[in-house]
Amino acid sequence: MSGRTTSTGAGGTDGADGATDRARKAAAGLAELRGFGNEHSSEAVPGALPDGRNSPQRAPLGLYAEQLSGTAFTEPRARNRRSWLYRIRPSAAHPAYTRIDNGSLRGAPFTETVPDPNRLRWDPLPDPAPGTDFLAGLWTLGGNGDTAQRVGMAIHLYAADAPMSDRVFGDADGELLIVPQQGGLLLRTEFGLLAAAPGEVALIPRGVRFRVEPLDAVVKGYVCENYGRPFELPELGPIGANGLANARDFRAPVAAFEDTAGPVTVVHKFCGNLWAAELGHSPLDVVAWHGNHLPYVYDLRRFNVIGSISYDHPDPSIFTVLTSPSDTPGLAGVDFVVFAPRWLVGEDTFRPPYFHRNVMSEYMGLVEGAYDAKRAGEGGFVPGGGSLHNMMSAHGPDRATYERASTAELRPQKVDDGLAFMFETRWPVTATAQAAGAGHLQRDYDRVWQGLERHFPA
Ligand SMILES: O=C(O)Cc1cc(O)ccc1O
Ligand SMILES: [Fe+2]
């Protein structure tokens, strides 16, 4: 939470349509600011940012000054998040919102099914119907908490093949941690442009408006919608001053604005429902900004993996990238955890994840390759798929993994054939009806633990 940087960013960006080539080029060479939780500032036009005050009598260049807060005004300084935006038109100048169809999006409280103690696993989401944009392609798997209480989280997947060309999205219910799995995304946000490819994650803070342009024909991935306290970096404790996700590797955008005529639909997610209002201009019209309530991208391959260099398999909290603390110290509303390439050297150790029953609830996804506790390939844990192991549901290595790892020769071993992650939450996850009844739900997941026979002498 330190440091201040300044930038002069890109000028106005191209309009919504026909911009895909330009978007690709932009993705390849985006200017970015570095750091986590920093007070950054950026102006797309020199002189657009007021100096020495947030809200002068008249903001420079005829812009409107607007504050966007991500925490209450009065929260402790160390976790206070807010940004000041200097825009062509104030966000307040919009007509009434009206409800639109929620599509496959669901919000908390999740009451369509009863919480299920069974281990559940899904294959990847089917390909999108042609013309599906990111917002239409969001499909809620489940979640917990209550949007109106700002507590809990939702797990979504997405599959899309079309740009959000004439609409933008903003989520009042929480921040969106986007985990691309197939294909890259260009995120045009109020703060500027970010690109995120598989292996990276992007975070859109609560309330920030953005639209998504697929950088590949079909894009798929996962989203953790965090209704609770904004994600922060975990404490490092005895690890020391460095390690895990290093703050300097987080990339924020520089200011870039759209000065285009509408109609543009603003879709606003509020207490689980989608509302829309039509504007005569793009709301991505922020010419300059400063603050710390910002979108960012992080490359998971930069994660500094800490592990055992003696014996035993450490608990996966050591792999926490981001944590959203709850009201109980040490107990996260949701953690984002990554299983990144690493060496395993433990002596006399069962090296893959152990058998366990966890008080926390675990949703796992796979960006690529395989996961070291589960068989890969068809019918197994595959990229784009996901598993849910709710509070106290017994799980761990499948039979094939147990047999392999309990007899393997324990040479130093590099695990670098996959990238798995976990959304781990203190509250059980209740599936939506569409997830519980999905055609891509694996009906025989329990079988992976069958045949684990007794070896104890009779
Ligand atoms: O269930 C899982 O595969 C996730 C997990 C990984 C690990 O290394 C230890 C515990 C755990 O829950
Ligand atoms: Fe687990």
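Small disclaimer: the values here were computed from a predicted structure and weren't measured. Residue numbering note: each chain is counted from 1, following its sequence as written. As they are written, the chains are lettered A onward and the ligands numbered 1 onward, keeping that order. Whole-chain, interface and lining totals are the exception, using all residues; otherwise, since this is a predicted model, local features are given only for residues with pLDDT of at least 70 and side-chain atom pairs are given and counted only at 80 or more.

## Focus on the nonpolar core
Core analysis: the largest hydrophobic core is formed by 108 residues, its most contacted members being Tyr86, Leu177, Leu185, Ala202 and Ala255. These domain limits were set by an automatic method or by a database of domain assignments. Summarising the domain contributions, this core has at least three residues from each of domain 1 (4-300) and domain 2 (301-449). Remark: residues whose backbone-derived C-beta atoms lie within 7 Å of one another are considered to be in contact. Once residues within four sequence positions are removed from consideration, Leu185 is found in contact with Ile178, Pro180, Ala195, Ala196, Ala202, Val212, Pro214, Leu215 and Val219. Joining buried Ala, Val, Leu, Ile, Met, Phe, Trp, Tyr and Cys residues through C-beta atoms within 7 Å gives a set, and that set is a nonpolar core. Our exposure labels follow a C-beta count within 10 Å of each residue's own C-beta, placed from the backbone: buried means 20 or more other C-beta atoms, exposed means 12 or fewer, and partly exposed covers the counts in between.

## What to know about the pairing of strand β18 (residues 261-270)
Pairing between two strands requires that DSSP report at least two bridges joining them. A helix here means a DSSP run of H or I that spans at least four residues, while a strand means a run of E at least two residues long, and both kinds are numbered starting from the N terminus. Sheet topology note: the strand β10 (residues 167-171)/β18 ladder contains five bridges and is parallel. If you follow Phe169 over to β18, its bridge partner there is Val267. Where β18 folds back onto strand β19 (residues 273-281) in an antiparallel hairpin, the turn is made up of two residues, including Cys271, whose phi is positive at roughly 50°.

## Re the sheet that holds strand β22 (residues 320-325)
If you walk across this open sheet you meet the six strands as β7-β26-β25-β28-β23-β22, and the pairing is antiparallel. Edge positions in the sheet fall to β7 (120-122) and β22, since each has one partner strand and no second. Along the sheet, successive strands turn relative to each other by an average axial angle of 10°, direction set aside. Across six bridges, the pairing between strand β23 (residues 332-339) and strand β28 (residues 418-425) is antiparallel. Orientation is described by axes fitted as lines to C-alpha atoms, over the contacting stretch for helices, and by angles from 0 to 180 degrees between their N-to-C directions.

## A word on the environment of Leu141
Relative to the assigned elements, Leu141 resides in strand β8 (residues 138-146). Separated by 58 residues in the primary sequence, Leu141 and Gly199 place their C-alpha atoms 21 Å from one another. Among all residues touching Leu141, those that are not within four sequence positions of it are Ile155, His156, Leu157, Gly386, Ala431, Thr432 and Ala435.

## Remarks on the UniProt feature "binding site: homogentisate" (unreviewed entry) in the protein chain
UniProt positions are given in the numbering used here, feature names are shortened, and annotations may be inferred rather than shown by experiment. On the UniProt side, "binding site: homogentisate" (unreviewed entry) is annotated at positions that read His395 here. Counting through the fold element by element, His395 comes out in the loop between β26 (386-389) and α2 (399-405). In this structure, His395 is in contact with Arg119, His356 and His389, ignoring residues within four places of it in sequence.

## Here we look at unusual backbone geometry
Of note, the amide linkage connecting Ala108 to Pro109 takes the cis form, showing an omega dihedral of 5°. Relative to the helices and strands, Pro109 is located in the loop between β6 (98-99) and β7. Positive phi values are uncommon outside glycine, yet Leu244 reaches one of about 55°. Position of Leu244 among the secondary structure elements: in the loop between β16 (219-226) and β17 (251-253). Of note in this structure, Met392 is not a glycine but carries a positive phi near 70°. Position of Met392 among the secondary structure elements: in the loop between β26 and α2.

## Considerations on the domain arrangement of the protein chain
How big an interface is tends to be stated in terms of accessible area lost as the parts join. Taken as a whole, the protein chain is organised into domain 1 (4-300) and domain 2 (301-449). Taken over C-alpha atoms, the centre of domain 1 sits 27 Å from the centre of domain 2. Each partner contributes to the interface: domain 1 provides 52 residues, whereas domain 2 provides 53 residues. Taken together, the elements giving at least two residues each to the side of domain 1 that touches domain 2 come down to β7, β8, β9 (151-160), β11 (175-182) and β16. If you tally residues by element for the side of domain 1 that touches domain 2, the top one is β8, at seven residues. Put simply, Ala, Val, Leu, Ile, Met, Phe, Trp, Tyr, Cys and Pro go in the nonpolar bin, Asp, Glu, Lys and Arg in the charged bin, and everything else, Gly too, in the polar bin. Broken down by class, the residue content of the side of domain 1 that touches domain 2 amounts to 26 nonpolar, 15 polar and 11 charged.

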